[in-house]
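Architecture at a glance
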Number of protein chains: 2
Amino acid sequence: MVTMREVAERANVSIATVSFVINGTKRVAPQTRARIEAAIEELDYRRNVVARALASSRTRILALLHPDLEIRPNATVIQFVMSAAHGARERGYDLVLWPVNDDEQMSHLLAGGLVDGALLMEVQIRDSRVDRLIASRVPFALIGRTEDDDLPFVDIDFTATIDEAVGHLRSYGHQHIALVTQRTKAAPENEPGRIMRAESAYLHAMAALGRPPVVVTVEGTSAGGREAARTLHERFPGTTAVILLNEGASAGLVKGTRELGLTVPGDLSVISASTTRELGEMIEPSLTVMAAPAPELGRLAADALIDQLEGVQDAPPHILIPCTLVPGESVGSPRLPDETAKRATRNADGR
Amino acid sequence: MVTMREVAERANVSIATVSFVINGTKRVAPQTRARIEAAIEELDYRRNVVARALASSRTRILALLHPDLEIRPNATVIQFVMSAAHGARERGYDLVLWPVNDDEQMSHLLAGGLVDGALLMEVQIRDSRVDRLIASRVPFALIGRTEDDDLPFVDIDFTATIDEAVGHLRSYGHQHIALVTQRTKAAPENEPGRIMRAESAYLHAMAALGRPPVVVTVEGTSAGGREAARTLHERFPGTTAVILLNEGASAGLVKGTRELGLTVPGDLSVISASTTRELGEMIEPSLTVMAAPAPELGRLAADALIDQLEGVQDAPPHILIPCTLVPGESVGSPRLPDETAKRATRNADGR
């Protein structure tokens, strides 16, 4: 078996320099690089990444486990995926994408020994996949959190995010603020942690405000957004502002509100939380968004996992980053009650 | 080294059954699976995926090479990525994501011997990365095409897509049809193949129609879309319809048109080509789109590559699928010239 030392000797460089080139971990002068590549070619070192993996029982491959996202992935998901791949590459690791549809399939993939560690996306409050990860003894980090805050995770700080959104709306005078969340296939007690935590922060904020909470749960689609607009209008007509934790329903909520003869932000102020600036810009009027720190978190998740693998850290990483408020044109002062009444009369007159 | 045979003997099953479980290629009864897993655990077979890879000089890992997409990925990109990962998994392969920013980095990754084959995205008409792939002797398939149609590829059929879009607009009576494309960092002669081919199909269609072509190139952003709206209005005021080959500028074009006091589709009909239905639904009015076959093509790209690796095919695969017309509310009949004039006067009067 050809060793890295032999490549180094042939190319007349240090073993470290060969390693930099092979793992792509450090820039090497073009001429030196060319010499090393020639030596690799001559000695047919090609398959030795695998050989080294065997010798060290390390593969330097990480898995990103994600649910079947083929159909309708959110804009933020790709940011998580791509930034995790970047973060891994920068430290000389490769990221494989593992779409997993059930726990058994996941266990089998992990048992195959291909990966040194795993990242798990779309984590639920009680998540059997996390139990499988623990049982597999493959090191892991979560993008999201279960109930158990002691596991290694990176997550959006939904409490701080919702608090800031509520604070922003209150600064305009809103008191009747609804939360629109996303319907998932999970049983209620199994919900994604993000929905659970955002809802809890919202309920807390409404209690502090002394107002009854209004939570509407719809599909993450345009149709879902329209449904939310109708539900708010018919069942909670006093609502003057909405916080969406439902990226896919954002455009539909605005369209549905307009179809009811109402305006954003005239009749309803809207903040879309945990999404992208680009989504906000696409909608008319431009939405005020809480931009998700997905690019940062994907990278930090890869770092957190690699730190574990390389024994760099003492305690499991617990990283929380809130979303960033990006003001658009969808938040204004609430219409006064008599104005709303007048407007409703105008609409009924067939405007 | 523990062999698969030993695992099979310990679990009292055939080697094939052990292989099904390890590679996840076929369903195995839960009890049998449990027995095999217990044997794998007892014999510590964990790292042997790597050992097998060494023995066969195959890793069953494929790379998806993509440019640095961290910042502003399109909605269709994630569909390509996820469906390629699915397609690979279904045939017992793993897909690693390799963000590559330059050709050298790509060559080094390929020389590392980790992957059996590679998929390349965002292919340009003349693409030095393709030369690197050929030089690396790693089997590959392209998502997109260079000038050289003989290489293995899957691609959107941009000619058929643009022809259908033009035909749809002509059926409403449009003759003054502009094309809005996306500005890229590439040199003009190096453009993404999709832009080159779409533009060529558009020029051909305009020649057949006997109308001068109007091609406007802007950034793939909301600001870019607004710029396109202004450019069309100021420099090509006779334009009654636009085909966008610029997903990211779609919403901005509609917003920008409205800001000029014009309506979609009253004054300007719009078709956004090579994007998602979801994007069309988000915009007001809902855009007529040509939906990209990204979920199908990602999977077909993985299949095309794996067929090569497994010697299943005789000739390099050349797969072309057109986009699908999904009518929205953004296409209507062109306003008659005098109506446009009257309307412009009304606007000038301060409507």
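For the structure, see preceding data.
Below, the structure is looked at part by part. The model shown is predicted, which means the values in this text are computed figures rather than measured ones. (Residues numbered from 1 in each chain as written. Chains lettered and ligands numbered in written order. Predicted model: local features only at pLDDT ≥ 70, side-chain atom pairs only at ≥ 80, totals over all residues. Heavy atoms only, no water.)

**With respect to the sheet that holds strand S9 (residues 269-275) of chain A**
Residues and elements named next belong to chain A.
- Taken in spatial order, the six strands make up an open sheet running S7-S6-S8-S9-S10-S12, and their pairing is mixed. Of all strands in the sheet, those bounded by a partner on one side alone are strand S7 (214-218) and strand S12 (324-326). Direction aside, neighbouring strands of the sheet carry axes that sit 20 degrees apart on average.
- In this structure, S9 lies alongside strand S10 (residues 288-291), joined through four bridges in parallel fashion. Each bridged residue has a counterpart across the sheet, and for alanine 273 the counterpart in S10 is methionine 290.
- Together, strand S6 (177-182), S7 and strand S8 (241-245) form the strand contacts of helix H10 (residues 222-235), whose direction differs from that of S7 by roughly 150 degrees. (Pairing = 2+ DSSP bridges. Helix = DSSP H or I, 4+ residues; strand = E, 2+ residues; numbered from the N terminus. Axes fitted to C-alpha atoms, helices over the stretch in contact; angles between N-to-C directions. Contact = heavy atoms within 4.5 Å.)

**Side note on the sheet that holds strand S3 (residues 117-120) of chain B**
- Ordered in space as S11(A)-S5(A)-S4(A)-S3(A)-S1(A)-S2(A)-S2(B)-S1(B)-S3(B)-S4(B)-S5(B)-S11(B), the 12 strands form an open sheet in which the pairing is mixed. Strands at the two margins of the open sheet, each flanked by one partner only, are strand S11 (318-321) of chain A together with strand S11 (318-321) of chain B. Geometrically, the sheet is characterised by an average inter-axis angle of 20 degrees between neighbouring strands, direction not taken into account.
- In the sheet, strand S5 (residues 153-156) of chain A pairs with S11(A) via four bridges, with the strands oriented parallel. Looking at the pairing, Phe153(A) lines up with His318(A) of S11(A).
- Helix-sheet contacts for helix H13 (residues 294-309) of chain B involve strand S1 (61-66), S3, strand S4 (140-143), strand S5 (153-156) and S11 of chain B, and the interaxial angle to S4(B) is about 165 degrees.

**Regarding the pattern of salt bridges**
- All told, the structure shown has 36 salt bridges over all chains when counted by the stated rule.
- Two residues, Arg33(A) and Glu104(B), come together in a salt bridge whose shortest N-O distance is 2.8 Å. You can see Arg33(A) sitting in helix H3 (residues 30-43) and its partner Glu104(B) sitting in helix H6 (residues 103-111), one on each of two chains.
- Judged by its relative accessible area of 6%, Arg33(A) is buried.
- Between Glu90(A) and Arg299(A) there is a salt bridge, with the nearest N and O atoms lying 2.8 Å from each other. (Salt bridge = Lys/Arg side-chain N within 4 Å of Asp/Glu carboxyl O. Buried < 20%, exposed > 50% of the residue type's maximum accessible area, 1.4 Å probe, protein only.)

**Considering the packing of helix H1 (residues 4-11) of chain A against H3(A)**
All names here are of chain A.
- Running from N to C, H1 and H3 cross one another at 125 degrees; their axes reach a closest spacing of 9 Å. As summarised for this structure, H1 and H3 are arranged oblique, according to the angle between their axes. The chirality of how H1 crosses H3 is right-handed. Contact with H1, carried on its side by Glu6, Val7, Arg10 and Ala11, involves Arg35, Ile36, Ala39, Ile40, Glu42 and Leu43 of H3 and no other residues of that element.
- Of the residues that constitute the contact of H1 with H3, the class distribution is six nonpolar, no polar and four charged. (Parallel < 35°, antiparallel > 145°, perpendicular 65-115°, else oblique. Left-handed = near helix turned anticlockwise from the far one by under 90°. Nonpolar A, V, L, I, M, F, W, Y, C, P; charged D, E, K, R; others polar.)

**A short note on the environment of Val180(A)**
All names here are of chain A.
- By secondary structure assignment, the location of valine 180 is in strand S6.
- C-alpha of valine 180 to C-alpha of glutamate 199: the two residues are 19 residues apart in sequence and 9.4 Å apart in space.
- Setting aside residues no more than four positions away along its own chain, valine 180 makes contact with Val216, Val218, Ala228, Leu232, Val242, Ile243, Leu244, Leu245 and Asn246.

**Structural notes on the packing of aromatic side chains**
- Scanning the model with the defined rule gives zero aromatic pairs over all chains in all.
- When the ring centre of Tyr93(A) is taken as reference, the NZ or CZ atom of Arg60(A) above it lies at 4.4 Å. (Phe/Tyr/Trp six-rings, centres within 6.5 Å; stacked < 30°, edge-to-face > 60°. Lys NZ or Arg CZ within 6 Å of the ring centre and 35° of its normal.)

**What about helix H9 (residues 193-209) of chain A?**
Residues and elements named next belong to chain A.
- Taking 1.5 Å per residue as the helical rise, H9 with its 17 residues ought to reach 24 Å, and the 24 Å between its terminal C-alpha atoms agrees with that figure.
- By the burial criterion, the buried members of H9 are Gly193, Ile195, Arg197, Ala198, Ala201, Tyr202, Ala205, Met206 and Leu209.
- Where H9 ends, the next residue or the one after it, glycine 210, has phi of about 75 degrees, a positive value. (Expected span 1.5 Å × (residues − 1).)

**Considerations on the packing of helix H5 (residues 75-90) of chain A against helix H13 (residues 294-309) of chain A**
All names here are of chain A.
- Between H5 and H13, the shortest axis-to-axis distance is 7 Å and the interhelical angle comes to 40 degrees. One way to sum up the angle between H5 and H13 is to call them oblique. H13 is crossed by H5, and the crossing has right-handed handedness. For the pair formed by H5 and H13, the contact residues are Thr76, Gln79, Phe80, Ser83, Ala84, His86, Gly87, Ala88 and Glu90 on the first element and Ala294, Pro295, Leu297, Gly298, Arg299, Ala302 and Ile306 on the second.
- Looking at the contact of H5 with H13, its residues break down into eight nonpolar, six polar and two charged.

**Describing the side chain of Thr240(A)**
All names here are of chain A.
- Examined against the element boundaries, threonine 240 turns out to sit in the loop between H10 and S8.
- Judged by relative accessible area, threonine 240 falls into the buried class, the value being 14%.
- Here histidine 174 takes part through its side chain, which lies 2.7 Å from a polar atom of the side chain of threonine 240.
- Apart from residues no more than four positions distant in its own chain, threonine 240 is found in contact with His174, Gln175, His176, Asp267, Leu268, Ser269 and Pro334. (Polar contact = N/O pair within 3.5 Å; in protein donor to acceptor, adjacent residues only side chain to side chain.)

**Brief notes about the environment of Gln308(B)**
Residues and elements named next belong to chain B.
- In this structure, glutamine 308 sits in helix H13.
- Residues glutamine 308 and proline 152, spaced 156 residues apart in sequence, show a C-alpha to C-alpha distance of 9.3 Å.
- Beyond its immediate sequence surroundings of up to four residues, glutamine 308 is in contact with Pro139, Phe140, Ala141, Pro152 and Gln313.
- Among the polar contacts made by the side chain of glutamine 308, one reaches the main-chain carbonyl oxygen of phenylalanine 140 at a distance of 2.8 Å.

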